[in-house]
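# Tertiary structure, described
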Amino acid sequence: MNEHAQTASATDISGAVMVVGGGVAGVQTSLDLTELGYKVYLVEKSGAIGGVMARLDKTFPTNDCSLCILAPKLVEVGRDPNIEILTLAKLEGLSGEPGKFTARVRKQPRYIDEEICTGCGQCTLYCLKQIGNDFNENLEINHVAHIDYAQAVPTSYHIDAKACLRLNYDTCGLCAVVCQAGAIRFDDKEVTLEIPVGAVILAPGFGRVSDEVMSKYGLGRFQDVITAFEHERLMCASGPTGGEILRISDKKHPKKIAFMQCIGSRDETCSNNYCSSVCCMYAIKQATLAREHDPDCEITLFFIDVRTHGKGFDAARERATSANNFRIIYARPPQVEDVFDGGLLMTWATEDGRHHYEKFDLVVLSQGLEAPDDAQSIAQAIGIDLNEYLFAQTDNYTPLATSRPGVYVIGAFQGPKDIPDSVTQAAGAAALCAAQLAPARSSETIKASFPEERDISQEEPRVGVFVCHCGINIGGVVNVPRVAEYAKTLPNVAYASENLYSCSQDAQKVLVETIHEHKLNRLVVAACTPRTHEPLFQATMREAGLNRSLFEMANIRDQCSWVHIHEPEAATDKAKDAVRMAVAKACHLTSLTEQQLPVTPSALVVGGGLAGITAALAIADQGFAVTMVERGKTLGGKALLLSADRYGNDPRQAVQKLVNTTNKHPKITIHTEAEVAAVSGYVGNFTTTVEGKKGSKIINHGIIVLATGGRPYEPKQYHYQESAKVLTQLDLEKRLATNLPLPKSTRQVVMIQCVGSRGDDLSYCSRVCCGQALKNGIRLKECRPDLQIMVLYRDMRAYGFLEDDYRKARQLGIIFNRYHVDNKPEVTLGKGKSSPLHVKYYDILLGETVELATDMLVLSVGIVPEDPTSLAKMLKVPVTAEKFFLEAHVKLQPVDLPVDGTFVCGLAHSPKSMDETIAQAQAAAGRACQPLAKGFVTPVPIVSQVDPELCIGCAACETFCPYKAIRIYKEGKKRKARTITASCKGCGVCAARCPTMAIDMGRFTMDGIMAQIHAFGAGIAN
Amino acid sequence: MSEYSPKILGFLCNWCCYTAADSAGVGRYQYPPNMRVIRLMCTGRLDPSFPLEGLATGADGIFVGGCHPGECHYIDGNYHALISASLVHETLDRLGINKERFLIDWASAAEGPNFVKIITSFTQRVAELGPLGSAEGLDQEEMRIKLTAAAETARGRKIRTGLINAGKEMLKGGDFSRETIAGLVATKCDKALTALVG
């Protein structure tokens, strides 16, 4: 059924990419790559993809269930014909050059055939040998024949060779006896594969801080000192305690929990002088959930600094802290001790120099992120440079490129980071690969092709019902033969039978044959859940020449046999009802046309700053035309206001180079001094009016990237613009670029952080100001070592490797003093122009307010987004209260806006540094090019349809549609509603509200649901 | 009476409650086998006539399960479901049927155990109420006829216009609490409901 879309490309460049690591970053980049037209080899060292995110209970800041949002992506990867997952595999060598690499991959045996295993779990049930359950942090046991976790992809079990009785002692072998599918392969062998690929993306994730470091804090010595990863599993409903936070020692609920931050981070004694960037957030999340688990529990968090610098993070932290009554202590307890009568004793010194001690029931160590354990062997095998902390070395202006051309790095291996940043980098690296391999696009991907669909519109319903045993999963409880017999008695059922495994490859063949043989035109499979298996059976229907909308599932496993294990009679009745209702609905299913809407293969980028030009280049390099609209006279934006990066390079040169490339790029058309005046259309088919000095121009394009940027906050505080001695960091940057940045007489400089930010005027943290203050402080010290510098700050948010700058600044003698938001520094001007300023602040160590005369005051001001209101209105995309564009999903769709075909990057999304801006702009380009590369968009055919005969044009649907996907148009003098199929997501609110029942939903029709309801009632009548 | 087992019809949204129900299965959480499920993409699809039709056709209780407020996969579909639900409650009230026979509640995709808790207690509650009409002291046949008529009315233009107006005010007011929404629906649909049941 599959064929090569294109037999061979004109070049010898490979159209395949190897992705190393199957965590969320690797999974996302794989999906992005196949959407862009590239084949992917996904190399995963463990038995299943999913990585750390699969192990998390919830995710900060929304407390969304982690696995629930990840699992659909995993299934998608598992199903994608263009992604080959290589589990238990390792990339061991890379030869050749970009575009023409040969990757050597060593793959360990699974001992269970992935293709045949049905995931029934019988092998685990009978496996005699137990091992620790790594997925649950070894807090419970698993069996040697196992699946890593319930939702694992591939949905196939595997055998741990190190502990298997059969493999090591030639005994047991029970699994092979009980496996009804015959999937056990004790003779499975290790293989080495040589795979030609054009590029490599490294996403191996992170390593853990060693137990040795953590033993200082009692881990391993005291049972009730646990790591955050263990705590995460304890909180999780699928964890070892079924979602109860219990102390390991006595299985009791802890009443006093302490979270200790920076374990193995910001700690030179373990050579990790960097900030892990995620622990503050996950600790707050875990504390919040601990509170949910036990409303009476006392929760204390120990921070050095609270680094919640991400978009919306500060607000989420504040909400969590006040709503849950957390005690926040600024201190780093040096150790944990146990005491005679139980409990864990912690001692600490607060910033005022006082000592404290207290007992806790449970101590959670917020364990930092390290480079992956095998970082050095990866680097050696592939030939890339690492930084001093063994993370991949990258450059500020090419943040996703390793030192070896054609090899990219994303996720935590690029530097410690959270899920949204990892997902962003994933999309960015996909864009870079797509550009590098553009000539080979679609050369190695296959396209599923199916026979022509049979027109069934004139046929009476002939429903085929297949009732699945699912091994013993269903058959062990539900009387499957009886259900199948019952199905035969239902109206319109032309055929009914049982399957052992409906989802197995051979069952698909039988389904196709049966559909042909019995001339079936509707299919009902009574088995597991449509959420995971509907696409599989729908593909089978297409193979049999039936439209995929003619399919319905009855869930008799997840929602029947598994939940009524002890009530076989009742479960069988329920299964019969489910089948009857599914058949009733099936009779009302109709073939739905899958609309393929053409796409204008070009992009519009709004904004010509660093984000805009990076996005434009990343799109144009993939071969698509780009129109760029910039309000100013020239490109480059606010990045040109910076005179040095933290490595001492001049960003203006790097940005100017990008500007020049953009100006010369044959695929990019630039409109400067121009603005977007109007936008209409939808993904694939936007029409935009650009108003410029030279008049207006209409542009047709398929997607739109918003990179409208931001600007520095203009301070009204601290006598700015009243005295030449008061500067902003950007003013200082300008001076630092001159020969004489400071008058010789300058002795003292004071910097004040968070001017305008974090509730001062802007509610949010501007993320970059701490780093900028550190950088400029160091620059000042380097040109004038005798200079006294005092930084007044709230939390030094020197996340990631910026911590190095923080340490360096202190080593150079810069003094840092924390101020409290309720007790901000006060500044008074001197009498004369040349007399110093006076800064009054509360000195933490002295414990009193002191006054400092200073020759210069530097304000670290925040970042304000450019007003997004008019664009947001035109495109119907949401903005946050702070006027940043609001992405579709804060975790997993960080650059997509909720309206299909619209994307955001740069400061318009949130404050961020240059390297982060570049990665995000590349990500926007990667996501945006997906419909362009495909050439068409196919909305899922569950969309609404309006019957114009019945429609009275009341516009209620237009008012209520969350996606503006239904609009009123004029037909002569009458107003009628019409669905914009490409925008409709099928929620059905319009149908539920339509006063004349003029709107119906694909597959979820009024008639179909009514038939289900009546079929439900029919069972009662019997 | 000990033989009595309530008949419950459930409408679950694909993204949260249906997923929660699946995950309850994966975790092998056990709950009473009384409910039959109709999957919807979103509870926003819930036509106000569906629950009434369900009761008319033989259910003793109706459950609607969606995403937690503010977490709807389709932004605000569950708030619109509350509009439909309010009408159902109001109608039941006026027909003299115990409002507890209709429950709308939330369980996120992650909350298999919570889903189980909700269904278990709802099943118990409906069991206590007994067959439709018994707790109310009404004739079941007569009730079902009235419910069929109510379902028909809920598909009619008058009531639906009331719901549209309630929905618009809900969005304008920004208060998505059940009480407020119920109040809006009661006011906006009062006339139409009075015409139906008095």
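Scroll up a little and you will see the structure.
Residues numbered from 1 in each chain as written. Chains lettered and ligands numbered in written order. Predicted model: local features only at pLDDT ≥ 70, side-chain atom pairs only at ≥ 80, totals over all residues. Heavy atoms only, no water.

## Quick notes on the interface of chain B and chain A
Each partner contributes to the interface: chain B provides 60 residues, whereas chain A provides 59 residues. With both chains or domains summed, chain B and chain A bury close to 5,000 Å², and 63% of this area falls on carbon and sulfur atoms. It is R36, R39 and R45 of chain B in chain B that bury the most area against chain A; as a group they hold 14% of the surface buried on that side. At the boundary of chain B and chain A, one finds four salt bridges. The interface formed by chain B and chain A holds 22 residue pairs in polar contact (both at pLDDT 80 or more) in total. Put simply, the parts of the chain that give the side of chain B that touches chain A at least two residues each are β1 (8–13), α1 (17–26), β2 (35–40), α2 (49–56), α3 (77–95) and α6 (157–173) of chain B. (Contact = heavy atoms within 4.5 Å. Buried area = accessible area lost by both parts, 1.4 Å probe. Salt bridge = Lys/Arg side-chain N within 4 Å of Asp/Glu carboxyl O. Polar contact = N/O pair within 3.5 Å; in protein donor to acceptor, adjacent residues only side chain to side chain. Helix = DSSP H or I, 4+ residues; strand = E, 2+ residues; numbered from the N terminus.)

## Some thoughts on the sheet that holds strand β46 (residues 848–854) of chain A
Residue and element names in this part refer to chain A. Pairing is antiparallel in the open sheet, where three strands are placed in the order β44-β45-β46. Both edges of this open sheet fall to β44 (826–828) and β46, since each of them pairs with a single strand only. Each strand of the sheet is rotated relative to its neighbour by a mean of 25°, with strand direction disregarded. Bridge analysis of strand β45 (residues 837–843) against β46 gives seven bridges, and the strand direction is antiparallel. In the strand pairing of β46, H838 is matched with A853. (Pairing = 2+ DSSP bridges. Axes fitted to C-alpha atoms, helices over the stretch in contact; angles between N-to-C directions.)

## Looking at the side chain of N142 of chain A
By secondary structure assignment, the location of N142 of chain A is in strand β10 (residues 141–143). The residues touching N142 of chain A, leaving out its near neighbours within four places in the chain, are T124, K129, Q130, I131, G132, N133 and I147 of chain A.

## Focus on the side chain of R993 of chain A
One can find R993 of chain A in helix α25 (residues 989–993). Of the side chains bearing the opposite charge, D47 of chain B lies closest to the buried R993 of chain A, which forms no salt bridge; the N-O distance is 7.0 Å. A polar contact of 3.3 Å, which involves the side chain of R993 of chain A, links it to the backbone oxygen of H80 of chain B. Separated by 2.3 Å, the side chains of R993 of chain A and S84 of chain B make a polar contact. In this structure R993 of chain A touches F960 of chain A together with P48, H80, I83, S84, R160, L163 and I164 of chain B, once residues within four positions along its chain are discounted. (Buried < 20%, exposed > 50% of the residue type's maximum accessible area, 1.4 Å probe, protein only. Lys, Arg positive; Asp, Glu negative; His and termini not counted.)

## A short note on the environment of L246 of chain A
Among the structural elements, L246 of chain A can be located in the loop between α7 (228–235) and β17 (256–263). Distance in space between the C-alpha atoms of L246 of chain A and K831 of chain A is 64 Å, their sequence separation being 585 residues.

## Points about the pairing of strand β28 (residues 493–499) of chain A
Every regular strand shows the same layout, with side chains that alternate between the two sheet faces. Residues and elements named next belong to chain A. In the sheet, strand β27 (residues 463–468) pairs with β28 via six bridges, with the strands oriented parallel. Looking at β28, one finds that C468 is bridged to N499. Remark: the β27/helix α12 (residues 480–488)/β28 crossover connection has right-handed handedness. (Right-handed = clockwise from strand over helix to strand, strands pointing away.)

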